[in-house]
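Here is how the chains run, residue by residue.
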Amino acid sequence: MNKGLLVGTLFGLSVGLVAFTLPTRSLPAQPITVADSLQLDKETGLVIDDRLTLVKGQCTACHSSKLIVQSQLTRDGWRQKIRWMQRTQKLWDLGESEPVILDYLTRYYGPKERPFDGRRLPLPKQQWGL
Ligand code: HEC
């Protein structure tokens, strides 16, 4: 067998093998979640992720989720809010759920980054070719 034929045969075999092992069924349609296109829960307006049910259960029992959506707090700020509700609003001890809820709140309702203090970005430097 000459070299060309051998290479050709091997190539043919590997193409066949790949085609054979490729899944034949199509993947189920899944919502794609990228950083800047978060999916929102219709009922509460809260960001959908696997902690949503927990947060909904613990945090929308007494008041609207609007109070959460409108807030932008650091992790510490959120912890203090929870303590305040526990002290004055009869919020229960969140136990092991607390760090999970704090992760969720800080991730989606944390302080917004404002690198330029709300002002527009500086214009790019122009080269006028003088
Ligand atoms: C036991 C009832 C109760 C539960 C459960 C509860 N809260 Fe509250 N929360 C309150 C009350 C009462 C207020 C004051 C509402 C008002 O001012 O109208 C409040 C206010 C707030 C505010 C606004 C605070 C401010 O400074 O104006 C935020 C934010 C908040 N809650 C977030 C949460 C989060 C996050 C959770 C889940 C960990 C939660 N709440 C669970 C009772 C509760």
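Computed from a predicted structure; not experimentally measured.

Chemist: Could you give me a rundown of the coordination of the iron atom of the ligand, with the residues and numbers involved?
Modeler: Four donors placed tetrahedrally about a metal ideally form angles of 109.5 degrees, and six donors placed octahedrally ideally form angles of 90 or 180 degrees. Bound to the iron atom of the ligand are the protein donor atoms His63 (NE2) and Met85 (SD), situated 2.0 Å from the metal. For the iron atom of the ligand, the 6 donor atoms in the first shell make angles of 86 to 179 degrees at the metal, so the coordination geometry reads as octahedral. Highlighted residues: histidine 63 in the loop between helix 2 (52–59) and helix 3 (66–69) and methionine 85 in helix 4 (residues 75–88), separated in sequence by 22 residues.

Chemist: An account of the site of the ligand is requested, with residue identities and associated values reported.
Modeler: Near the ligand, the surroundings consist of 17 residues, among which Cys59, Cys62, His63, Lys81 and Met85 are the closest. Here a nitrogen atom of the ligand sits 2.7 Å away from a polar atom, N or O, in the side chain of histidine 63. Between the ligand and lysine 81 there is a distance of 3.0 Å, counted from an oxygen atom to a side-chain nitrogen or oxygen. Take the shell around the ligand: its biggest share by element is 4 residues, from helix 4. Of the residues that constitute the shell around the ligand, the class distribution is 11 nonpolar, 4 polar and 2 charged.

Chemist: Could you give an account of the packing of helix 4 against helix 5 (residues 97–108), with specific residues and numbers?
Modeler: Relative placement of two packed helices is described by the angle separating their axes and the distance separating the axes. At a closest axis distance of 9 Å, the pairing of helix 4 and helix 5 adopts a crossing angle of 125 degrees. Overall, the two elements helix 4 and helix 5 adopt an arrangement that is oblique. Seen from above, helix 4 lies across helix 5 with right-handed handedness. On the side of helix 4, the interface is formed by Arg75, Trp78, Arg79, Ile82, Arg83 and Gln86, while helix 5 contributes Glu98, Pro99, Leu102, Asp103, Leu105 and Thr106. Here the contact of helix 4 with helix 5 is built from residues that sort into 5 nonpolar, 2 polar and 5 charged.

Chemist: Please provide a residue-by-residue account of the environment of proline 111, values included.
Modeler: Structurally, proline 111 can be placed in the segment after helix 5. Proline 111 sits 40 residues away from serine 71 along the chain, and the two C-alpha atoms are 8.4 Å apart. When neighbours within four sequence positions are excluded, proline 111 is seen to be in contact with Gln72, Leu73 and Thr74.

Chemist: Residue-level account of the pattern of salt bridges, with values.
Modeler: Applying the stated criterion to the full structure yields 6 salt bridges. Note that aspartate 49 and arginine 51 form a salt bridge whose closest N and O atoms lie 2.6 Å from each other. Assigned by exposure class, aspartate 49 and arginine 51 land together as buried. The closest approach of N and O atoms between arginine 83 and glutamate 98, which form a salt bridge, is 2.8 Å. Residue arginine 83 is found in helix 4, and its partner glutamate 98 is found in helix 5; the two are separated by 15 residues along the sequence. The exposure class of arginine 83 is partly exposed, given its relative accessible area of 33%. Taking relative accessible area as the criterion, glutamate 98 reaches 10% and is therefore assigned buried. Among the charged side chains, a network of salt bridges with common partners joins Asp41, Glu43 and Lys56.

Chemist: Got a sec to walk through the environment of glutamine 39? Specific residues and values, please.
Modeler: Considering the arrangement of structural elements, one finds glutamine 39 in the loop between helix 1 (3–21) and helix 2. Along the primary structure glutamine 39 and aspartate 49 are separated by 10 residues, whereas in three dimensions their C-alpha atoms are 8.3 Å apart.

Conventions we followed
Residues numbered from 1 in each chain as written. Predicted model: local features only at pLDDT ≥ 70, side-chain atom pairs only at ≥ 80, totals over all residues. Heavy atoms only, no water. Donors = N, O, S within 2.8 Å, 3.2 Å for Na, K, Ca; no water. Tetrahedral: all angles 85-135°; square planar, octahedral: opposite > 155°, others 65-115°. Helix = DSSP H or I, 4+ residues; strand = E, 2+ residues; numbered from the N terminus. Near = heavy atom within 4 Å. Polar contact = N/O pair within 3.5 Å; in protein donor to acceptor, adjacent residues only side chain to side chain. Nonpolar A, V, L, I, M, F, W, Y, C, P; charged D, E, K, R; others polar. Axes fitted to C-alpha atoms, helices over the stretch in contact; angles between N-to-C directions. Parallel < 35°, antiparallel > 145°, perpendicular 65-115°, else oblique. Left-handed = near helix turned anticlockwise from the far one by under 90°. Contact = heavy atoms within 4.5 Å. Salt bridge = Lys/Arg side-chain N within 4 Å of Asp/Glu carboxyl O. Buried < 20%, exposed > 50% of the residue type's maximum accessible area, 1.4 Å probe, protein only.

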